[in-house]
Structures are given as structure tokens and as C-alpha cells.
Amino acid sequence: MAANMRGLTQFIADIRGARVRELEEKRINKEMANIRKKFKDGNLDGYQKKKYVAKIIFTYILGYKVDVGHMEAVNLISSSKYSEKQIGYLAVTLLMHENSDFLRLVVNSIRKDLDENNEVSNCLALHAIANVGSSEMAEALSEDVHRLLISPTSQTFVKKKAALTLLRLYRKHPTVIPAAEWALRLVSIMDDQDLGVVICVTSLIMALAQDHLDAYAVCYTKAVDRLHRLVIEGEYSATYAYYKVPSPWLQVKLLRLLQYYAPSEDATLRSVLHEVLQTIMKNSAEPSRNVQHNNAQHAVLFEAISLAIHLDASSPLVGTSAVLLARFISSKETNVRYLGLDTMAHLAARADSLEPLKKHQGTIILSLRDKDISVRRRALDLLYSMCDTDNSELIVGELLRYLKVADYALREEMVLKIAILTEKYANSYKWYVDTILQLISAAGDHVGDEVWYRVVQIVTNTEDLQEYAAKVVFEHLKSPSTHESLVKVGGYILGEYGHLIANDAGYSPLEQFQILHSKSQFCVASTRSLLLSTYIKWVNVFPEIKPQLINIFERYRHVLDAELQQRACEFYSLASRPDDDEVLQNVCEEMPPFPPRVSALIGRLNRKLGDTEDKRTWIHGGKEMNLERNANSRKATLGPGSSITGTATVTSTADAQDVMNSLAGLNLSSSGDQSDLSRVDGSVVAPRIAVGPTVEKWFNKLTYNAEGVLYEDVQIQIGIKSRYQGHLGQLAIYLGNKISVPLTSFTSTIHVNDSEALSATFAKIPPNTLVPRTQSQQLLHVECKKAFSSFPILTVSFLAGAHQSISIRLPISVTKFIEGVKLGQADFFERWKVIGGPPREAQAVFPIILDGTGQLDLVRYRQVVSGNHLEILEDVDPNPSNLVAAGVLHTSVDGKVGCLLRLEPNREAKLCRLTVRSTSEDVAMEVLRLIEKLLRLDSS
């Protein structure tokens, strides 16, 4: 840059040649005066503006204040020459803060550069947005940055910069970015051919998904698929192999992303993930001599172990992980020890049994004295997480010993953790009191008020502990140097329970008063106020020291502190009342037990640790703490019964019943936002389905046929072929690409409204590309657990120029799992009577139309009934126009459910009566609804 501008080169040389600061300042002031004059005179060409602005930038970088050149920098951005535009953008990003008024002048110029087909201009504009990142700029330009990211014509390096710019804007101004609305389109970029783009987009999705789990739920499948292609299939270019490890940065991000979601119930995804994790652990089993190779492998391995723990803490993979971690915490490398301890803490926070970790307890305790403070901190976290009733005394004892020599940065956190462990795993109250008072004595200023509050609460609520606590605190107060927190505890406990030990040798009222009052002169006003309250209690129970106590109140009546003065005056008045006055006794009664409260210590610890940008999926502490945390947090559910709502074109904002209404032919045409994830009763509303006369006709036909077309448009055709046996079923879904270009980023997801009644999973992860003019088959396995009433929804999304998404109902109804049963006339009517009427009977009367000859369409009626898997029984009903059928519904949870049907059409009245009886009233209602709808179609 300077080589092309001689004036700038000479200016830099002069500055560097200045021997003292005064000469440097003199040269800069002279140059700034010249620049101001030139700018004031005007008529400068682009080269001169560039040169002078470059000098201003150099001056600013040296640390001098600059108050000139802002307008010229804004003008340079609009230049058509790259060198001038570059200097302009550099000046804007360095000289202007995010609240600068000048930024409003550059927004339009930046937008123009974003819209250009020039990649260099695009990148300069993206750099400026990311570096400045003002709220106004985010609001005005986030849509343009998003457009650059999703544009099929954008170069890969532009896409990468656009993704990272959006990430920067989201972290600074999360409310400006419509994260849920963009979910589907952003997730589709995870299938990009360039791994660099995938890494950047995954970073963006990690930030967005933490706050919008449901909207980005479809990324779970994408992440698993990409990991499988990287680790198992080796689908990556040599450029992205770092010391023979395939794109470790991407692997780490994908493994972390999967931890944000609850473990998938989809057996296929779980199987693929298990294979990926197993391969990663196998590849990392033996360390390499190459340090960089080891670092890359370890980065991936530790994240893989964390994911394995997250998925199932009792799996064999986690057993393998525990063996590896034991090796790592003894490693010579500091980074490896740190990561080993941190991951072992994760295992301790989730594992059912801590026995595998207790084998290495000695090594972990030794890590408390590691030379690196970050390793010491991780060792503290691990000991905190792996503590239980069996090893609590050992761990707390070690922590107390280490507390005396621990770093000041660690002490406050250590105090909280020791207090929590002591209370949670105390085998006896006496040990609890001894340990906490020892903690208060050792930690001093690092003990927060919450610690001694909790001691007081427990002692007050435990009658058997009160006398022992009074003696122990008295002994601690004998120490020459006593911390103020201990004085507070002593003041409260001796004031309330000092009378319990007053008759014992060495604990007389006078000795209690002398030892406590001797500490008051070193205490602040709030502690002295507490001691005055102790003294007034003693006036009531220790009349022998009443004169000394009244003398104390008399002295404190004249202090300057308002709180102390008021207490002293009130207490002096109370103490001066006659001995037989009951007011003093009533006022100074013993404190009643505190109501049960949750310890404030855990809340204090969690507040201290706080949240980072990358939210942890677990907290330090035992399994109970993590289970409680998970119960209180919102979970995203995946797999069968999953609510992968981000994959719908439009999401209905009505309640869940609207899905059933749509099955009855209602047109849900209300508009909704693409990712409006309205929740009803804790579940996510299903995606809005595609509607239309032809779609409805195809669907209805498939409800009583095994194969046919389900959906078709100019781009794609979807057909199905199904078979059922017992409570299991299998659907072959045929996806045909009708156009001459491939459908990329192809995603198929299944939404099941009631996962406890019906499960539906793909046999394998669907391919992400549909080749032109070819057909792909996907197998879907379904299982009926209980009776259900809503159809599962298939959502396919793909890129064909623009991103498109289609949601359609799959013709999987409860009748598909019915097996026909042959019955004689006597058997049928006997069972009909046994089942009886309502509520096990469902009946409907509805109009019908006759065929072209004016007769009943008996062929269609038989088609519909037999197509719903009910066995039509011949010669059972005396009326030949009536149909009688029987079947048994197979479910894996509720077992077999009998079902009987009787259809009575009347040609003269053009009405039909349909009666269904079943041992389950839900089944009777659902079978009636399904068959009635099909028979009504011609008459509606």
C-alpha cells in the first residue's frame, strides 16, 4: 500500500526516524495541519484522498487521537477503484465506533457493494459490517448478508464471510436476526460441497440453535449424516485433512451441536452415531509421535466422549471412554490433563456409578497441586462432581487442606463447593458443624454470607445439634485471630443456645460474654448490631451479667451509627424494665425453626460460574443436580414422535386439534410464519400440510389401497407402497426427480403427533441429493404401540434454485394394523352383544348417493371396508345390502383389540348407518371416523 504512495512512505519513514516522542508529535501535528488544509481547500482527486486518509489511519494506529478525515473515508467507499475503496473501508472500521453518526452515511454504500457481482466488494462490505456491527447496521443489512449466504451464485469465500458476519451480528444483536424464520434455509447449507462453507455455517447454526432448538431440530440429522460421511466414508478433499485427521474443526463443532439436543429415539440415527463414535475412539486409541496429529485427534476424541456421555452414560462406549480418560489425566501434556479432567467431570455429572472414577481419586487429588491453575480448577470441579456419601469426608478434608495454600482466584469457588458438599453428604451433624466452622476459620474473607446463613438455619432446625454447636463455636472464638464471619455465627448461636452450656465448666455466662465482646472492637457496624441482639437475649437468660450488658447498651446509645444507636436505645429500655416484667421474656423468646428452604449456596455457585456464549449441556455436580437441571429446562425431542417443525413450508398457529380437522377436508389457509413453533400442552404443533383437491383425492385413495401416488408437481413425484403384519408395517416411499437438474440438500423428516402410540423411523439416513430424472426409494418402518388418531406427516425439503419444502400426510391409520377375522353368524352376534352399546359403540348416520343406475354402490362399500383391513363376513346379516366385518387391532403395548363393524345403507332414504363396536372405545370412534369419511366423499 505504502509503496504506491510516496508521500505515505516518506511520512512513515519520518515517524520511525524520530528519536524522541516530542519530535514524533511535532511531525504528526505538522502533517495533520497540512491534511486539514488540503481537505478544507477541496478539489482532491481519489488518489490524494486515499493518501491522506492512509496517513490518518497510520496516525490513529500509533495511538494519537484523530478528528479529521471521516467524511473523506465515507466518500472513498463509493469509489470504483479497489485501492481507494479498501482504504475507505479500513478507515471506517478503525475510526468509527458503532454509535457514530457517520455510519448512517455508509449504510447505502455498503448495501450497494453487497449487491454487486464483484466478490472483492462483497468481502470488503462484509468485513466492515462484522467489525463495526452496530445495531442500525444489523437492522438495515442483515437481510442482504443472508441473501449473499444463500445465493447459489455466491463464491465459497463470500459464503464463508457472510456466515461469520451473521454470527457476529447475532451475538451482538440477537433480536435483529430472524433466526427461526431462516432456519430451514441455513440448515440446508450444511450439505454444501465445500467443507469451509460447512464449518462457517455450522458455527452460525450452533449459536442460533442454542436459542431456537425446535426451529433448528432438522440440523440433528444433517450433523449425523455429515459426521458419517467424514469419519466412516472419508468424503472430504485432501485440503481439509489436518495431519491425516479429516477436518477436525468441523468434527468438533458437529459433535458439540448434537449435544444441544436430547438423545434421538430414532434407531437409525443412534446406530450411525454409535458407529461414528466407535471409529473416532478406535482411531485415537494409540497416541502418535506427531504433536499436531495428537492435538487434532484429541480435540475430536474429547468431544466424542462428551457426546457419548450425553447420549447414554451407561453404554459400552462410555466404559471405553473412562479407560482413555484415566490415561489422559496422568499425561505429561498440560492441555491433555486439562481436557481429561474436564471430560471426566462431565462423566461424573451423568454417570450412574462413580466407582470407575474413584479408582483414580488419588491422581485427581494430586492434580489440585498441578503447576497450571486451569488444571487445578478442573481438578476441583471433578472432585466436586464425584463426591458422594462414601468419599465425602476424604474429599472435603483434602479440599480444606488445599484451601490454605490455594490461589486467591480459586478460594471463593472452593468455599462454596466445600460448603455444598459438607451439607449434602454429611454423615453426622457434628461433622457438618466442625467442618463448616473450620472452613470459616480458614477461608476468612472468601466466605460469603450465604455460608454462615446456612449454618445458622441448620443449627436452629436441629435440636440435638444446638448444645454441641454452642461449645464448638465457643472454642473457635478463643483463637487470637477470629474472622468476622465466625463472630457472626458465634453471636447468633451463643445468643440463642449459650444457656445450654452455661452450667458447664469453662462456658459460664461471664466467659461467654468476655470472649464475644473482646471480638466486637474489630467488627463492622452490622456485626456489632448482631452482637447487641445477642446481649439482649443474655439479659433475659443470664441475670448475673445484666449490669455489664446494660453498661454496653448505655455506651452504644451515643454512637454515630444510626442502626447501632437505635438498637442500643431500644435494648437499654427493655433491659431497664423490672425483673418481673414479661415483655422482655416475650421479646427474647428462642427463635422458632426456619421453614424448609432450598440451599442458596448452589444458586450462588451457578451465578458465579454464569453462562458463556457456548452454553454447556451439563453442570458440575452429581447426577441428581443434572437431572434436576434437565427437568427444568426445555428439551427438544427427536426421532419417532419428533417435532421437527422447521421442515414445514408454513406452520399452523392453531392448536393441535387443527391437524385432525385438516384430515376431515378443512382448508387451513391461514398464513403463518415459516418457523412459528407454537406450543400446545408442551408439544410442538405439526407442520402445515399441503392441500388441494388432487392431493386429497390421492391421499384418500391410499387410505384403503396399498400403493399409489401420494403427491406430484412439476418438480417431484412421491409414491408409496406399503405392507403390514401385526403391529408392524413397512412403507417404501418413492421420490422421483422430474426435472433435469439435481435436487440438492434433500431432507426427509417424519413428524408423529403422539410418539407413545406410533413410531416411524427411516431404515437409513436419506441421501442428500436426488439425481435428475431418477427415482430414489426410502424405507420407513412403523410400529403401532397404542390406538392413535392422527396421521404422521412427511416433510421433504430441497434446493432447486430456491429452497422448497413440502409437507404431506402419510396414509398410516390405525386400521392399517387391523387383521381380518372370519366369524360365523352365531359367533359374530354373540360378540356383538358382549361388547354392548356406548361407550364401546360408535354410530353415525350420513347421506349417500346412488350409482348411475340408481342402485347402492355396494362394490365401493366393500372396497372401503376391506381396504381398511376388516374381514367382510358373508351370510351373517339377513339383509344382502348390509355389510358386516370383523378384525383384530394389533398393538405392541395394549395388545390385541377386537373390532366389529356393521354397515346398513338405505336406498330409499339415501342414508347409511355405520356402527362400530370394539373392546376399546377409542378404537371404535377412530374406525368409525375413518370409514365414514371415505363413504361420505361422494355425497359431500
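Bear in mind that the values here come from a model prediction, so they are computed numbers and not experimental data. (Residues numbered from 1 in each chain as written. Predicted model: local features only at pLDDT ≥ 70, side-chain atom pairs only at ≥ 80, totals over all residues. Heavy atoms only, no water.)

Enquirer: It is not clear to me how the confidence of the model for the protein should be interpreted in this structure. Could you clarify?
Expert: One rule of thumb: low pLDDT means the predicted coordinates there are not for detailed reading. Confidence in the prediction for the protein averages 85 pLDDT; 90% of positions are at 70 or higher. Under a pLDDT of 50 for its full length, residues 634–684 has, in the predicted model, 127 contacts with residues more than four places off or in other chains. (pLDDT = per-residue confidence, 0-100. Contact = heavy atoms within 4.5 Å.)

Enquirer: In this structure, what is going on with the packing of helix H1 (residues 6–17) against helix H2 (residues 21–41)? I would like to understand it.
Expert: Between two packed helices, the angle of one axis relative to the other and the distance separating the axes together describe the packing. At a minimum axis separation of 8 Å, H1 and H2 run at an interaxial angle of 155°. Considered as vectors, H1 and H2 are oriented roughly antiparallel to each other. Crossing of H1 against H2: the hand is right-handed. On the side of H1, the interface is formed by Phe 11, Asp 14 and Ile 15, while H2 contributes Glu 24, Arg 27, Ile 28 and Glu 31. (Axes fitted to C-alpha atoms, helices over the stretch in contact; angles between N-to-C directions. Helix = DSSP H or I, 4+ residues; strand = E, 2+ residues; numbered from the N terminus. Parallel < 35°, antiparallel > 145°, perpendicular 65-115°, else oblique. Left-handed = near helix turned anticlockwise from the far one by under 90°.)

Enquirer: Help me out: how do you make sense of the pairing of strand E12 (residues 802–809) in this one?
Expert: In regular strands, side chains alternate between the two faces of the sheet. Of all eight residues in E12, six are buried; the element is thus mostly enclosed. In the sheet, strand E11 (residues 793–800) pairs with E12 via eight bridges, with the strands oriented antiparallel. Bridged to Ala 800 within E12 is Ala 802. Adjacent in sequence and paired antiparallel, E11 and E12 are bridged by one residue, among which Gly 801 carries a positive phi angle near 85°. (Buried < 20%, exposed > 50% of the residue type's maximum accessible area, 1.4 Å probe, protein only. Pairing = 2+ DSSP bridges.)

Enquirer: So what exactly am I meant to see when it comes to the side chain of Lys 50 here?
Expert: On the secondary structure map, Lys 50 appears in helix H3 (residues 46–61). Among the polar contacts made by the side chain of Lys 50, one reaches the side chain of Ser 83 at a distance of 3.4 Å. Beyond its immediate stretch of four places on either side in the chain, Lys 50 contacts Met 5, Leu 76, Ser 83, Glu 84 and Ile 87. (Polar contact = N/O pair within 3.5 Å; in protein donor to acceptor, adjacent residues only side chain to side chain.)

Enquirer: Any chance you could explain the pairing of strand E9 (residues 758–762) here in plain terms?
Expert: The element E9 is largely enclosed, with a buried count of five among its five residues. Direction of pairing for E9 relative to strand E10 (residues 775–784): antiparallel, over a ladder of five bridges. Considered in E10, the bridge of Thr 761 is made with His 781.

Enquirer: For this particular structure, what's the right way to read the packing of helix H21 (residues 392–403) against helix H23 (residues 429–443)?
Expert: The contact between H21 and H23 brings their axes to 10 Å, and the two run at 15°. Regarding the angle of H21 to H23, the classification is roughly parallel. For the element pair H21 and H23, the recorded crossing hand is left-handed. Of the residues in H23, those touching H21 at Ser 392, Glu 393, Val 396, Leu 400 and Leu 403 are Trp 431, Thr 435, Gln 438, Leu 439, Ala 442 and Ala 443. Per-class residue counts for the contact of H21 with H23 are seven nonpolar, three polar and one charged. (Nonpolar A, V, L, I, M, F, W, Y, C, P; charged D, E, K, R; others polar.)

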